[in-house]
Amino acid sequence: MRSRYSAYAVRDAAYLLRTWHPDTRPPGIGFEGAPRWTGLDILETTGGSAFHTEGTVTFRARFTDRGRPGSMHERSRFTRHEGAWVYVDGDVTP
């Protein structure tokens with residue numbers, strides 16, 4: 001999760017697509033008009049160890065958008081695909 005957050009912060013679309021499950025991966029990622037990410041708090045994790053094939057990460061990511069601060073709260077689902085952890089999808093809450 002932290003590496004994907006960092007990839008969003010530095011706008012590394014190739015990394016984001018590479019770490020996204022092929023069944024849910026978008027064709028591309030556009031950063032035009034995207035907020036500037038300013039911080040990440042991991043709130044909860046489940047699974048995700050070397051012994052698991054699935055896991056979740058609940059986080060809050062802070063950002064600024066047109067000079068205004070904000071935050072995004074999500075519970076992300078990850079799974080192992082070809083030996084690597086990949087993002088499947090997430091539920092965003094206000």
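These lines cover the structure that appears in this document, whether it is placed above or below. Worth saying up front: this structure is predicted, and the values here are computed from it rather than measured.

### Digging into the layout of surface pockets
Here the largest pocket defines a volume of roughly 250 Å³. If you trace the largest pocket, you find 18 residues lining it, with M1, G48, V57, F78 and W85 closest to the centre. For the lining of the largest pocket, the secondary structure elements donating two or more residues are helix 1 (2–10), strand 1 (36–47), strand 2 (54–65) and strand 4 (84–93). The element best represented in the lining of the largest pocket is strand 1, accounting for 4 residues. Residue composition of the lining of the largest pocket, grouped by class: 8 nonpolar, 8 polar and 2 charged. Estimates place the volume of the second largest pocket at around 190 Å³. Every residue lining the second largest pocket is listed: M1, R4, Y5, Y8, W20, W37, F59, A61, M72, E74, S76 and Y87. Within the residue set of the lining of the second largest pocket, elements represented by two or more residues are helix 1, strand 2 and strand 3 (68–81). A breakdown of the residues in the lining of the second largest pocket according to their chemical character gives 9 nonpolar, 1 polar and 2 charged.

### Re the environment of V10
Relative to the helices and strands, V10 is located in helix 1. Distance from V10 to W37, taken between C-alpha atoms, is 8.8 Å for residues 27 residues apart in sequence.

### Topic: unusual backbone geometry
With a phi close to 55°, R66 is a non-glycine residue in the positive phi region. Tracing the sequence through the fold places R66 in the loop between strand 2 and strand 3. For R66, a relative accessible area of 76% gives the class exposed.

Rules used in this analysis
Residues numbered from 1 in each chain as written. Predicted model: local features only at pLDDT ≥ 70, side-chain atom pairs only at ≥ 80, totals over all residues. Heavy atoms only, no water. 1 Å grid on protein atoms, 1.4 Å probe; cavity = no way out; pocket = protein on both sides within 12 Å on 5 of 7 lines; lining within 4 Å. Points joined across faces, edges and corners; volume = space filled by probe spheres on them. Helix = DSSP H or I, 4+ residues; strand = E, 2+ residues; numbered from the N terminus. Nonpolar A, V, L, I, M, F, W, Y, C, P; charged D, E, K, R; others polar. Buried < 20%, exposed > 50% of the residue type's maximum accessible area, 1.4 Å probe, protein only.

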